[in-house]
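Structural overview
Each chain, written out:
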Amino acid sequence: MGKGPGLYTDIGKKARDLLYKDYQSDHKFTITTYSPTGVAITSTGTKKGDLFLADVNTQLKNKNITTDIKVDTNSNLFTTVTVDEPAPGLKTILSFRLPDQRSGKVELQYLHDYAGITTSVGLTANPVVNFSGVFGTNVVALGTDVSFDSKTGQFTKLNAGLSFSNADLIASLTLNDKGDTLSASYYHTVNLLTNTAVGAEVTHSFSTNENTITVGTQHALDPLTTVKARVNNFGKANALIQHEWRPKSFFTLSGEVDTKAIEKSAKVGLALALKP
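Below you will find a few notes about this structure. The written sequence of each chain sets the order in which its residues are numbered from 1. Restriction of local features to residues with pLDDT of at least 70 applies here, the model being predicted, together with a cutoff of 80 or more for giving and counting side-chain atom pairs; totals for whole chains, interfaces and linings are based on all residues. Computation of side-chain values: all heavy atoms of the structure, hydrogens and water removed.

The subject of this paragraph is the pattern of salt bridges. Oppositely charged side chains are able to pair whenever their charged atoms sit close together. Counted as salt bridges are all cases of a side-chain nitrogen of Lys or Arg within 4 Å of a carboxyl oxygen of Asp or Glu. If you walk through the whole model with that rule in mind, you get five salt bridges. Among the salt bridges present, the one from aspartate 17 reaches lysine 13, with a minimum N-O distance of 2.7 Å. Of this pair, aspartate 17 and lysine 13 are both found in helix α1 (residues 13-20), four residues apart, which corresponds to roughly one turn of the helix. With a closest N to O distance of 2.9 Å, lysine 48 and aspartate 26 form a salt bridge. In this pair, lysine 48 sits in strand β2 (residues 40-48) while aspartate 26 sits in the loop between α1 and β1 (27-34), placing the two residues 22 residues apart along the sequence. Here's how the labels work: a residue is buried when its accessible area is under 20% of the maximum for its type, exposed when over 50%, partly exposed in between, all with a 1.4 Å probe on protein chains only. Lysine 48 gets classed as partly exposed once you look at its relative accessible area, which sits at 39%. Look at aspartate 26 and you get buried, because its relative accessible area is 17%. Note on conventions: DSSP H or I runs of at least 4 residues are helices, E runs of at least 2 residues are strands, and numbering of each starts at the N terminus.

The next subject is the environment of arginine 246. Among the secondary structure elements, arginine 246 is positioned in strand β17 (residues 236-246). Taking relative accessible area as the criterion, arginine 246 reaches 38% and is therefore assigned partly exposed. Sequence-wise, arginine 246 and leucine 274 are 28 residues apart; in three dimensions their C-alpha atoms are separated by 8.6 Å. With near-sequence residues (within four places) excluded, arginine 246 lies in contact with Lys275 and Pro276. Residues are treated as being in contact if the distance between any of their heavy atoms lies within 4.5 Å.

Moving on, we come to α1. Within α1, the full set of buried residues consists of Ala15, Leu18 and Leu19. The buried residues of α1 occupy an angular sector of 90 degrees when projected down its axis, which confines them to one face. Against β13 (181-191), β14 (196-205), β15 (210-222) and β16 (225-232) lie the buried residues of α1. Positive backbone phi, approximately 75 degrees, marks aspartate 22, located one or two places after α1. Each direction from the helix axis to a C-beta atom contributes to the arc, which is the arc of those directions.

Here the amide bond leading from leucine 98 into proline 99 is cis, since omega sits at 10 degrees, within 30 degrees of zero. Looking at the element boundaries, proline 99 is found in the loop between β6 (90-98) and β7 (105-112). We note that lysine 248 has phi near 70 degrees; this positive angle belongs to a residue other than glycine. Its location among the elements puts lysine 248 in the loop between β17 and β18 (249-258).

Attention shifts here to the pairing of strand β10 (residues 140-149). Strands qualify as paired when DSSP identifies two bridges or more between them. As paired strands, strand β9 (residues 128-136) and β10 are joined by nine bridges and run antiparallel to one another. Residue pairing for β10: asparagine 130 is matched across the bridge by serine 147. Following β9, the chain reverses through three residues before pairing antiparallel with β10. In this structure, β10 lies alongside strand β11 (residues 154-165), joined through ten bridges in antiparallel fashion. Across the sheet, aspartate 149 pairs through a bridge with glutamine 154, a residue of β11. Hairpin geometry of β10 and β11 is characterised by an intervening segment of four residues between the two adjacent antiparallel strands and by a positive phi of about 70 degrees at glycine 153.

What follows is the structure, encoded as structure tokens:
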């Protein structure tokens, strides 16, 4: 565990990664190359049914400044400039997307032993202002995430979260969607040597009175191969196997079946990520 409580996005992250990360039903190919000057170029292609999407990301690092420029198939240009630690514990992020002139945003992140704060403001005449803060320790932390639209004078996001951690267990409770959605998650490390873990998430919507329950597990077959599985109360069952066939290069095969409609074809996803 780290020294401080982390950022608001870290609340429940372990359980979310276990239950949702790397699962997909698309076909995705990613390749990263490096120029002699250290520029990283990452090309990604994704096939979603009959639709093919692609983007190219260029990353340049110079001391503590990282610049990312990405172009996608819709001719959108995404630019992010990150300045790491201009002061101790501080990170500054400037981002914008062309041709959307209202997309510019400045973000500040600050990490302390007893706090993690993120604030951002849009670069427009009537910006959306976001603030999230987590206070506590690496054992118990309480946080909130709020967005305010100065144009309408209304809060667009009101979230709160609580996290508890110890050596092999992480539990969290979050209230999202302006108090409409209550989520509880649990992550437990069973065996560090085999990277075996179990996790669960329970979500209740007050407006629809609907509950969603998802449970999952992961296990390393060997140091290079990991298997994961999950199932929810709607009968959707997923499984994946991921193999690191060379350093930083992964092959992932995932599938999904609807146990309540077994006659339907299973969804199969494939991802290949190559790095030199």
